[in-house]
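An overview of the molecular structure
Next come the chains, spelled out residue by residue.
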Amino acid sequence: FLVVREYSSSTDNEPTSKSTASKSKGKHVEESVNDTASTSSPSSTWVDTRLPTSLQPYAKLARMDKPIGTMLLLWPCFWSTAIAAPAGSLPDLKLLGLFTVGSFVMRGAGCTINDMWDSDFDKSVSRTKTRPLASGELTHHQASKFLLAQLTTGLGVLLSLPHLEYCFVLGASSLPLVFSYPLMKRYTNWPQLVLGLTFNWGAFMGWAATHGSLDYSVALPLYASGVTWTLVYDTLYAHQDKKDDAKLGLKSTALHFGDNTKPILHAFSTFTFANWLMVGNQLGYDSWMYYGGCGLAYSHLLWQVHTAKLNEKEGDDNLGSRFRSNSHVGALVFVSCVAGNVMATV
């Protein structure tokens, strides 16, 4: 959860609008891990109907009503925590709770940082002009104080982990990726790879928080599975904005793969599945529940790629819905990890 740069978000249930053509060079990849784009008139959410008016701008600044980014950050933490539990045991509920809070808070902090950087530009884009900073609901001074509260809460979560020294060093090791990732779309055709390396650091953290060390024969294939999983879902997402990115001089795997996107993503999906199988083998799992569950998750990835409309029309939500559905993939793998570990001694 030290991977704090969950950069931006829009609605979880609305298609991308054509207003994304106005994106700045710093917008696309940061936004893709958090959101599917919204129209200029977003629907009311629980933030609008249940929170006091004074708190609504802060909740919207942190994208509290748009959970997909938090879930994609959280699942690798959950996978790692589940397989790190003693054989025959359920994952540590306290750790799951800490990772949940950490992912939620730090994703929100990243969104705050993003909006502080881009508020002037957001004013000129219909999709983003209603955001709290762009619309003037909040000032930068208010956002700065809110960000301090978010970061302080995140630090409190980190300091609550067991094996603190080891976890602190391991978490801090992700910071070079965190700070270099936003620049990658300017210099490499593989920004989604850097995103995957950054966003799946939780695959290490769960094991480290449980044992105070890492078993690389397990942690590395789990991490690799998350990286290639990210390449699949974020490349599909990036196809929504490929024309705009090309005009702006941005790079992405969507542009790089072009017409070969589907076969390449099928290969990444297979590599993801192979690493899930390797994790089970390294742990000595022999339950059909683990391998069958991972097989279902793999089937879901294949379905996403096969049915993706890479050149969808404006107003369609084909790619957006597939992006959001990756929360189901993460959940399937988590349940598989829990079942495989519980059945390990049966």
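Whatever comes next refers back to the structure up there.
Heads up: these notes are all about the structure in this document. (Residues numbered from 1 in each chain as written. Predicted model: local features only at pLDDT ≥ 70, side-chain atom pairs only at ≥ 80, totals over all residues. Heavy atoms only, no water.)

What to know about the packing of helix α8 (residues 164-172) against helix α12 (residues 202-211)
Packed helices, taken two at a time, are described by the angle their axes make and the gap between the axes. Quick reminder of the rule: Between N-to-C directions, angles span 0 to 180 degrees; the directions come from axes that are lines fitted to C-alpha atoms, helices contributing only their stretch in contact. Secondary structure counts use DSSP, requiring at least four H or I residues in a row for a helix and at least two E residues in a row for a strand, with both numbered from the N terminus. Throughout this description, any angle smaller than 35 degrees is read as roughly parallel, any larger than 145 degrees as roughly antiparallel, any in the 65 to 115 degree range as roughly perpendicular, and the remainder as oblique. A contact between two residues is defined here by any heavy atoms of the two lying within 4.5 Å. Gly is put with the polar residues, along with every residue not named as nonpolar or charged; the nonpolar set is Ala, Val, Leu, Ile, Met, Phe, Trp, Tyr, Cys and Pro, and the charged set is Asp, Glu, Lys and Arg.
Where α8 meets α12, the closest approach of the two axes is 9 Å, and the angle between their N-to-C directions is 170°. Comparing the axis directions of α8 and α12 gives the class roughly antiparallel. Facing α8, whose interface residues are Y166, C167, L170 and G171, α12 presents F204, M205, A208 and A209. Taken together, the residues that form the contact of α8 with α12 break down as seven nonpolar, one polar and no charged.

Regarding the nonpolar core
Using the following cut-off: Grouping buried Ala, Val, Leu, Ile, Met, Phe, Trp, Tyr and Cys residues that are joined through side-chain atoms within 4.5 Å yields what is termed a nonpolar core. Residue exposure (1.4 Å probe, protein chains only): buried if accessible area is under 20% of the type maximum, exposed if over 50%, otherwise partly exposed.
W79, I83, F99, L161, W229, W276 and F334 are the most contacted members of the largest nonpolar core, which totals 67 residues. With residues up to four places along the chain from it excluded, the contact list for F334 reads W75, F78, W79, A82, P91 and L96. A62, M116, L138 and F146 belong to the second-largest nonpolar core, a separate cluster that totals twelve residues.

Points about the packing of aromatic side chains
Worth spelling out the cut-off: Two aromatic rings, drawn from Phe, Tyr or Trp (for Trp, its six-membered ring), form a pair once their centres lie within 6.5 Å of each other, and the interplanar angle then sorts them: stacked below 30 degrees, edge-to-face above 60, tilted otherwise.
Within the structure shown, the criterion is met by 18 aromatic pairs. Seen from their ring centres, F78 and F334 are 5.1 Å apart, and the 50° between their planes marks the pair as tilted. Of this pair, F78 sits in helix α4 (residues 68-84) while F334 sits in helix α19 (residues 326-342), and the two are 256 residues apart along the sequence. Note on W201 and F204: the rings are 5.2 Å apart at their centroids and 85° apart in plane angle, and the pair reads as edge-to-face. Among the residues examined, W201 registers a relative accessible area of 12% and is labelled buried.

Concerning the state of the cysteines
As a reminder of what qualifies: Two cysteine sulfurs form what is called a disulfide whenever their separation falls within 2.5 Å.
Evaluated as defined, the whole model comprises zero disulfides. For the unlinked cysteine C294, the closest cysteine sulfur is that of C337, found at 5.9 Å.

Considerations on the packing of α4 against helix α13 (residues 216-238)
Heads up, the condition is: For any helix crossing, the convention is left-handed if the near helix is rotated counterclockwise from the far helix by under a right angle, and right-handed if that rotation is clockwise.
α13 packs onto α4 with a crossing angle of 155° between their chain directions and a minimal axis gap of 11 Å. Of the possible angle classes, the one that applies to α4 and α13 is roughly antiparallel. Judged by the twist between their axes, the crossing of α4 over α13 is right-handed. Residue-level contacts link L72, W75, W79, S80 and I83 of α4 to V218, L222, S225, G226, W229 and Y233 of α13.

Remarks on the environment of L164
By the element assignment, L164 lies in helix α8. Of the residues examined, L164 reaches a relative accessible area of 33% and is grouped as partly exposed. Considered as a pair, L164 and A209 are 45 residues apart in the sequence and their alpha carbons are 7.8 Å apart. Leaving out residues up to four positions away in the same chain, L164 has contacts with L158 and L159.

Looking at α13
To be explicit about the condition: Take the number of residues in a helix, subtract one, and multiply by 1.5 Å to get its expected span.
For α13, which comprises 23 residues, the first-to-last C-alpha distance of 31 Å matches the rise-based estimate of 33 Å (1.5 Å per residue) to within 8%. For α13, a buried count of 19 out of 23 residues is recorded, marking the element as mostly surrounded by other parts of the structure.

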